[in-house]
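Remarks on the overall topology
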Amino acid sequence: MANANRTLVEHRLDVEGADPLLLAGVNDGNMQELARIFGIRVVLRGDRIILSGEIEPLERAVPVIQHLIELARLRSPFDVSDVARIAADFASEGGGPPPTREELRIALPGTRKVIAPKSRGQATYMEAIRDHDIVIGIGPAGTGKTYLAVAAAVDALHRKRVRRIILARPAVEAGENLGFLPGDLQEKVDPYLRPLYDALEDMMPPERVQRALEDRTIEIAPLAYMRGRTLSDAFVILDEAQNATSAQMKMFLTRLGLNSRVVITGDKTQIDLPKRSDSGLLEVERILLGIEGIEFVYLDGTDVIRHRLVKDIIRAYADADELDAAEEPPHGETE
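Residues numbered from 1 in each chain as written. Predicted model: local features only at pLDDT ≥ 70, side-chain atom pairs only at ≥ 80, totals over all residues. Heavy atoms only, no water.

A look at the pattern of salt bridges
For clarity, the threshold we go by: Throughout this description, the term salt bridge denotes a Lys or Arg side-chain nitrogen within 4 Å of a carboxyl oxygen of Asp or Glu. Put simply, DSSP H or I for four residues or longer makes a helix, DSSP E for two residues or longer makes a strand, and each gets a number counted from the N terminus. Burial classification: accessible surface area is computed with a 1.4 Å probe over protein chains only, and a residue below 20% of its type maximum counts as buried, one above 50% as exposed, and the rest as partly exposed.
Counting across every chain of the model gives 16 salt bridges. With a shortest N-O distance of 2.8 Å, Arg169 and Asp239 are connected by a salt bridge. One end of the pair, Arg169, is in strand β7 (residues 164-169); the other, Asp239, is in the loop between β9 (234-238) and α9 (246-253), and 70 residues separate them in sequence. Here Arg169 matches Asp239 in class, with each residue buried. Counted as one network, the salt bridges with shared partners bring together Asp82, Arg85 and Lys118.

Next up, the structure:
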């Protein structure tokens, strides 16, 4: 009898100008995800999305779908996982994802890819990179720290704001021993630098990447190779900075030359150094806060853009760490 009292309504949204394939998703996956999340019927028909269901879930669904329509009009790509994340953003206290702002969108040359922030934290991060000489982005895996920094670097190179891009990473052993890897020194450290190559190759045609690496317009190297250099007219990214020692971090920061931008990224929960306290990322967070021109941006689980389970995994590890800290006896005491 309860079902007989339900009030079902229908609502239509105009999608004219939106890319229908992008909006619907692969095999209508985006429409199916919206239907699953809100418990309503969602049909894309011509220039209309037709929603039908109870009033309350329909009211929650409308602003989410309007945001997706706007993204599809801008040809800003999204998939099923993005639909779920955007719906969660609207349901959160903040009231939704960042507004779609033209100045934060990066159209990559030679590809049809457009990169834009997908969370409020990412929007803050991209604004900081645009407005500051040194940006330090701290947060867990999957929040786009490296990817967005590389996108900003490629955009700056394309617009001739810098003459070169330099991407660096500490080559720190995380349970493996470099000496036992086959090959010469470059072949030994290349696996540590592979994520930087991957990000770059996702944003530029392969032949342009190869040409830029050959003429050193783009350089990818271990952090230790930065010693003794002055990095002018460059967009410089230090990735995985939690594994740079204090001495390495000071060396890196003092390489900054004229007309250069620096982005430092790191995750404080993944320090592979023998002593956690040796991390240069922890030190700069303590001693560089408040210096004009240096901006710290903190990303968290709400900014994770990977598979939805990554958020749950990050949260589970954080909860476990808090529990371990609570159960650990005070310093100097034993059980």
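Side note on the sheet that holds strand β3 (residues 48-54)
Defined as follows: Criterion used throughout: strands pair if DSSP finds at least two bridges between them. The axes used here are C-alpha line fits, helices contributing only the stretch in contact, and every angle between their N-to-C directions lies in the interval 0 to 180 degrees. The contact criterion used throughout is that any non-hydrogen atoms of two residues lie within 4.5 Å.
The sheet built from three strands is open, its strands ordered β1-β3-β2 with antiparallel pairing. Single-partner strands in this sheet number two, and they are β1 (8-14) and β2 (41-45). Within this sheet the neighbouring strands show an average axis-to-axis angle of 20°, counted without direction. With seven bridges connecting them, β1 and β3 associate as antiparallel partners. Paired with His11 across the strands is Leu51, a residue of β3. Helix-sheet contacts for helix α3 (residues 55-73) involve β1 and β3, and the interaxial angle to β3 is about 160°.

Thoughts on the nonpolar core
Across soluble globular proteins, nonpolar side chains show a tendency to be buried alongside one another. Quick note on the threshold: Among buried residues, those of type Ala, Val, Leu, Ile, Met, Phe, Trp, Tyr and Cys that are joined through side-chain atoms within 4.5 Å constitute a nonpolar core.
Of all hydrophobic cores here, the largest spans 38 residues; its most connected members are Tyr125, Leu200 and Phe235. Setting aside its immediate chain neighbours within four residues, Leu200 contacts Val150, Val154, Leu167, Val209, Ile218 and Ile220.

Some thoughts on the sheet that holds strand β8 (residues 218-222)
Spatially, six strands are ordered β8-β7-β9-β10-β6-β11 in an open sheet, and the strand pairing comes out parallel. Either end of the sheet is taken by a strand with one partner, and the two such strands are β8 and β11 (294-298). The sheet shows a mean angle of 15° between the axes of neighbouring strands, taken without regard to direction. Relative to β11, strand β6 (residues 134-138) runs parallel, the two being bridged by five bridges. What sits directly across from Gly137, in β11, is Val297. Sitting on the sheet, helix α10 (residues 280-287) touches β6, β10 (261-266) and β11, and the angle it makes with β6 is about 120°.

Brief notes about the confidence of the model for the protein chain
So the rule is basically this: A residue's pLDDT is the predictor's confidence in that residue, given on a scale from 0 to 100.
With 84% of its residues at a pLDDT of 70 or more, the protein chain has an overall mean of 83. Contacts for the low-pLDDT stretch residues 173-185, under 50 throughout, to residues beyond four places or in other chains number 13 contacts.

Topic: the packing of α9 against α10
Threshold: Handedness of a crossing follows from how the near helix is turned relative to the far one, being left-handed for an anticlockwise turn of less than a right angle and right-handed for a clockwise one. In this classification, Asp, Glu, Lys and Arg are treated as charged, Ala, Val, Leu, Ile, Met, Phe, Trp, Tyr, Cys and Pro as nonpolar, and every other residue, Gly included, as polar.
Running from N to C, α9 and α10 point in directions that differ by 65°, and their axes come no closer than 7 Å. Helix-helix and strand crossings are classified by hand; for α9 and α10 the assignment is right-handed. Two secondary-structure elements touch here, α9 through Ser246, Met249 and Leu253 and α10 through Gly280, Leu281, Glu283 and Val284. Taken together, the residues of the contact of α9 with α10 sort by class into four nonpolar, two polar and one charged.

Description of unusual backbone geometry
Backbone geometry at Asn27 places phi at a positive 55°, although glycine is not the residue there. Positive phi is not limited to glycine here, since Glu240 has a value of about 55°. Within the element layout of this structure, Glu240 appears in the loop between β9 and α9. On the accessibility criterion, Glu240 (25% relative accessible area) is partly exposed.

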